Amino acid sequence: MRFSKRTIFCFFILLIAFNNCRDEFSFTTLTLENHLVVDGGINDTSGPYFLKLGTTTSPDRPANPLTAAIITITDNHGLKEAYHEVGNGQYRLDGTIVKGTPGVGYVLEISLPNGKVYRSTTEIMPNVPPALDSPYWTIVNEKVISSEGIVINNIMLKVFLTSQLQVSSTSGYLRWGIDEVYSIFPYCPPNAISCPPICYVFKPTSSYNIVLVKTTDYATNSQLSNILLQSQGVDYTFSSEHILNVTQYSMNKSNFEYWTKAQELIMKRGSIFDTPPAKLTGNITNQSDANEIVFGYFEATMQRINRLKVSRGNIPFYLVSCYDYPERLYYSFCQSCEYLPGSTLPQPSWWF
Amino acid sequence: MSLHFLSFILASVILACPFQARSQERKFVLLGDSMSINRSNNKFALTGTVTQSEDNKPLQGVALFVDGLKYGNNSDVNGKYIIYLPPGKYRLTARHIGKVPSQRLVAIYANGVLDFEMGERSETLEEVVVTARKKEDNIKEVFTGMVKLNISEIRRLPAFMGEVDVIKSLQMLPGVTSVGEGSAGFNVRGGRVDQNLVLMDGGQIFNSSHALGLLSNFNPDVVQDFTLYKGNIPAQFGGRVSSVLELRTRTGDMSKYKFKGGLGLLSGRLTVEGPIIKEKTSFIIGSRISYSDWVLRAVQNTDVRNSAASFYDINANITHRFSQRNSLSLSYYKGHDYFRFSNQFGYDYTTQLINLRWKVILSEKFSSEFSAVSGDYNSKLFDFDIANARALTNGIKYFQLKENFLYTYQEKHAVNFGAEAVFYNGKPEKSIPFGSNSTTAGQQVEKDRGREFAAYANEEYTVTPGLSISGGLRYSLYQYLGADTVYHYQAGQVRSANSMTDTAYYSNGAVIKTYQGLEPRVSIRLAISPNGSLKASYNKMRQYIHLISNGTAPTPVDIWQVSNSYILPQIANNFSLGYFRNTIDNDFETSIEAFYKLTSNLVDYKDFAHLLLNRHLETELLQGKGKSYGLELFIKKTSGPWTGWISYTYSRSLLKIDGTHPEEKINRGNWYPSNYDKPNNLAITANHKLGKRMRFSTNFNYSTGRPVSAVVTNFPAGSVAIPVYSDRNQYRIPSYIRLDISFTINSVFKKVDDNLSFSIYNLLGRRNAYSVYYQQPFGSDALQSYKLSILGSALPSITYNINF
């Protein structure tokens, strides 16, 4: 009750000074539908390389997958290779002919069933030394005060990055991202003849940070210290093993500028410091109608991946699992986890 | 003593000394100078000066009435007045808001001089008066769109956090709005914030806000009065295209020491004044300081507990009176704000002003005022992130000289003429790393310099009692100065880093670019009945300095940028037309005013413009046309137990940026609403006096929501949903509604001039939207819209004020 009595004096300061008075709000607008979305690119690994196609829909829904497109990639040595449709708007390039090589330029071409042809600008894969990353994670208890004045303890997993920037005569443009894979052990009754298989669930990310660095903004041989990459609540996905893939992307300048604008758009919180928003378009255009709006960026990047493992034993409190009752009955994935979105049965080759 | 003998004595004194000694109240005074009898119309000129008893400072706007004749006049800026009367006996009354009325019985037989000295009236004795002007001034004043208020009037409005506020009171008047709570500055008749010339004793203020615009930086204990020109702007003012807010601060009491202060929950204030040499030299020092950190420390959220928010301001003035005609005044102002959010970010900004003014009354008709002002504005934005720890600084300095002469002839002519010069010096923008772990590189970008000269003359001419004209002409000349490096761009191409072809270096003091032009100002008043008049005005204004602010509203860290080779001066043509009518013995003032303004070279920004530490801002800016128009309705009740006003404004503010290339167009070159385009605005203010000691006040505010760009779809980039926004400002946030109340008890303690004020700001606790934004909720692959409110509840406050 101590807080409640003070609320009358404190509440307005919180609201005035820290802009934390936000409410979900239904804002009806016209929607910009059926515009092509391209998401993906090529990198300096041996492949395969993936690309997603979709079309825009309403703001509160993800893009609709776009199927039956014919996609090819051509490098500036004249090599050309086609993508194969995997399903759900995803296409795979095997990399048998065209490989991701630093310093090489790539052009993407997309032909849709309606006859429209789209082409990217030539994307040059940069050739600058990547930074040496040392990511780490930690678990913290964050106290949050609800609008009713109740203190809530949130157990959060935070991923930080420390990275040594490399000396280079040219600017380096870096981006970091995290994707996650966790394992699920479905419930296996005692004395069962066969148990449901273990699943490995791929999860894009749990936070929506875009971390960008232009190396010339930093002093020579600078070390980036303790940059927060991700913050997420600890939930059932940590009930067995959870791997965080921290990927560093080295980009060219125009790709970096694109992501800088994307970062600006997703960081808007409505404060007076927010700049007016605008449409973000990428490097792909309709070959017969240059004014058509196309979203997304076909990128050519160098990648370096660091993997972090969080085991159930690292969590400082008891986490329910499929072996707890009644959870094992309540959660359908405790019987069979194959139907979780992103779930696969084969163990990833890099699992440790 | 016989009447004839008294007449003889007084006449002798008048002949010997044209400046009559002050007469005693309620004693019969004979006035006349036989050498200056006006035989042509058998009327004599009664002139004099009205001063404040506290500091002998001339008092402007005092209403002098002649009882029985329903005739009178107002004192001018030098406190001087003139009334023509036929021989006879009269009772003359002088009234001014916040002053004890003064009455004199006079017998006129020739031209004469009668000075008035008016003392301050304590709050407990005040009548409920809602105007600083004579009641019918609104129909007799030649200017359109002019608002005069003094601090006693705004004290009657409900206070925010216990502080009465100049800017918030202006926002209750027609044609004055803001983007929303927490935004600095104010918008007048569809103009941008930087288009308002804010003058404190003649010195320009570049940021008029404390606490991100929640309060203005004008201490109510030091401000004497203020005038907002939003329609016709006299030629003695220039440099901004929308409005002029002219504030005058008080000078110290010449005869005795006085203290004035107030204590609230979050801030306190104290003002001390008094004589240094009695009746010759006085001082006044006033300060406000906030102490809100104790509240932050009481909150359990770690980020909030580690945060800080504070401000202070100081006003100081020393005035020396060499004689009743000759005074010198030195003023100093400093306002400072500091804000830090946990270990994430912070800012501070400081405004300083030093002002020297020399006023001389050269003759009965001729006076002069010289001022020299040095202004300095600094702002810093802090990034406390360990690896990126740095401070981004910017600011501007200026030095201003102005000489204004006022010539008055009879009561028909008042001519202001003079010249001014302002030298603007943009401070370098710097990125300064701090802390041993900061890895950011230091950067510095030099900013531009320029000087502005102007000469002007403006006459107010009363042709007949029913027709008056104010006409003026201002010539302004601006020069963009070296040392600077000017970038050249490929002809026919969009200005960008990629189209740069060359650079040219100009040495220190070299004139790089010159802009100049005439600025005519005209206003006409035509009385169409004893209680009604029509007014019309036209202004042309030029503005050579711009606030580069690519946010929804100005922030303290925005950049003041002078015109250069590429950033052209803004030029506006303002038209207004109004009908003013008073009813029921002037107890009700009503008006309807229409305005139309066309502005060229209005600044807006390219998509994703980067303004900080940018050596070539012109590559990020676009200039185009602006137009605003509207209709203002105003009804004011000036006497009785209930006083107050209702104001309604319908106005639009639109922009058109239609460059040659697609990148130089906004919304494909079509007209679009500005960030502050809020078509409907309704403000209601009411005051009710409850006996002699108590007063109740209330405000009600309604306005259309401001325009925003809304998300119309999204697309994935990796795991992130990127929002896609509509054309600029095509949607609106919900309407703004706010109700405030206050209750004031005077004389809390016996024999003490004090009061206790309770107020509740936003009584309805309405969460008015400031903005709408979009976020990807945890686990979602699409976007959710949120409404951000700056104030989320009713804000009660209590303040104790005392004068002694």
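To keep things clear, this report deals only with the structure shown in the data block.

Definitions and limits used
Residues numbered from 1 in each chain as written. Chains lettered and ligands numbered in written order. Predicted model: local features only at pLDDT ≥ 70, side-chain atom pairs only at ≥ 80, totals over all residues. Heavy atoms only, no water. Helix = DSSP H or I, 4+ residues; strand = E, 2+ residues; numbered from the N terminus. Buried < 20%, exposed > 50% of the residue type's maximum accessible area, 1.4 Å probe, protein only. Areas by Shrake-Rupley, 256 points an atom, 1.4 Å probe, with all protein chains shown as cover. Disulfide = S-S within 2.5 Å. Contact = heavy atoms within 4.5 Å. Polar contact = N/O pair within 3.5 Å; in protein donor to acceptor, adjacent residues only side chain to side chain. Pairing = 2+ DSSP bridges. Salt bridge = Lys/Arg side-chain N within 4 Å of Asp/Glu carboxyl O. Core = buried A, V, L, I, M, F, W, Y, C linked by side-chain atoms within 4.5 Å. Lys, Arg positive; Asp, Glu negative; His and termini not counted.

Turning our attention to the overall build of chain A. A tally of regular secondary structure across chain A gives 3 helices and 21 strands. Burial status across chain A gives 49% buried among its 352 residues. A total accessible area of about 16600 Å² is found for chain A, and carbon and sulfur atoms account for 53% of it.

Residues and elements named next belong to chain A. Throughout the structure, instances matching the rule amount to 3 disulfides over all chains. Disulfide partner of C188: C195, at an S-S distance of 1.5 Å. The sign of the -50° torsion about the S-S bond sets the C188-C195 disulfide as left-handed. A sulfur-sulfur distance of 1.7 Å marks the disulfide that ties C199 to C337. For the disulfide bridge between C199 and C337, the dihedral angle about the S-S bond is near 85°, and by the sign convention the bridge is right-handed. Of this pair, C199 sits in strand β15 (residues 199–203) while C337 sits in the loop between α3 (327–330) and β21 (343–344), and the two are 138 residues apart along the sequence.

Below, the discussion takes up the environment of H96 of chain B. Residues and elements named next belong to chain B. With respect to the helices and strands, H96 occurs in the loop between β6 (88–95) and β7 (102–108). Along the backbone, H96 and Y424 are 328 residues apart, and their C-alpha atoms lie at a distance of 38 Å. Among residues more than four places away in sequence, those in contact with H96 are L59, Q60, G61, V62, M118 and N150. One polar contact links the side chain of H96 to the main-chain carbonyl oxygen of Q60, over a distance of 3.2 Å.

Let's shift gears to the pairing of β15 of chain A. In summary, the side chains of a regular strand alternate between the two faces of the sheet. Residue and element names in this part refer to chain A. With respect to burial, β15 is a largely interior element, 4 of its 5 residues being buried. As defined by bridge partners, strand β14 (residues 173–184) adjoins β15 across 5 bridges and the pair is classed as antiparallel. Bridge assignment links S183 to a residue of β15, and that residue is Y200. In the sheet, β15 pairs with β21 via 2 bridges, with the strands oriented antiparallel. Counted as the bridge partner of V201 is S343 from β21.

A separate point is the side chain of N232 of chain B. Residues and elements named next belong to chain B. Mapping N232 onto the fold places it in the loop between β17 (223–229) and β18 (243–249). Overall, N232 belongs to the buried group, its relative accessible area being 0%. A polar side-chain atom of N232 sits 3.3 Å from the main-chain carbonyl oxygen of V522.

Before going further, it helps to examine the pattern of salt bridges. Residue and element names in this part refer to chain B. Within this structure, the stated rule accounts for 31 salt bridges over all chains. In this structure, K80 engages E364 in a salt bridge whose closest nitrogen and oxygen atoms are separated by 3.7 Å. Of the two residues, K80 sits in strand β5 (residues 80–85) while E364 sits in the loop between β24 (345–361) and β25 (366–383), which places them 284 residues apart along the sequence. A relative accessible area of 10% places K80 in the buried class. The exposure class of E364 is partly exposed, given its relative accessible area of 33%. One salt bridge in this structure joins K665 and D658, with 2.7 Å as the shortest N-O distance.

Our next topic: the environment of F206 of chain B. All names here are of chain B. By secondary structure assignment, the location of F206 is in the loop between β14 (203–204) and β15 (209–210). For F206, a relative accessible area of 10% corresponds to the buried category. Between the alpha carbons of F206 and I745 there is a distance of 36 Å; along the sequence they are 539 residues apart. Each residue touching F206, except ones within four places of it in the same chain, is listed here: R240, Y377, I396, Y398, Y424, I545 and W560.

On to the environment of K230 of chain B. Residues and elements named next belong to chain B. With respect to the helices and strands, the residue K230 is situated in the loop between β17 and β18. Note on K230: relative accessible area 6%, which makes it buried. For the pair K230 and S576, spaced 346 residues apart in sequence, the C-alpha separation works out to 9.6 Å. Reaching out from K230, the side chain makes a polar contact with the backbone oxygen of P174 at a distance of 2.5 Å.

Core analysis: the biggest nonpolar cluster contains 53 residues, and F218, F226 and L245 of chain B have the highest contact counts within it. What F226 of chain B contacts, discounting residues up to four positions off in sequence, is V147, K148, L149, I154, V166, S169, L170, L245, E246 and L247 of chain B. Core analysis: the second largest hydrophobic core is formed by 36 residues, I210 and Y249 of chain A together with V720 and A769 of chain B among them.

Turning our eyes to something else, we now look at the side chain of D76 of chain B. Residues and elements named next belong to chain B. Among the structural elements, D76 can be located in the loop between β4 (71–74) and β5. Buried charge D76 goes without a salt bridge, the closest partner of opposite sign being K80 at 6.1 Å. Aside from chain neighbours lying at most four places away, what touches D76 is L59, Q60, G61, L406 and T408.

By themselves, these figures tell us nothing about what the structure is for.
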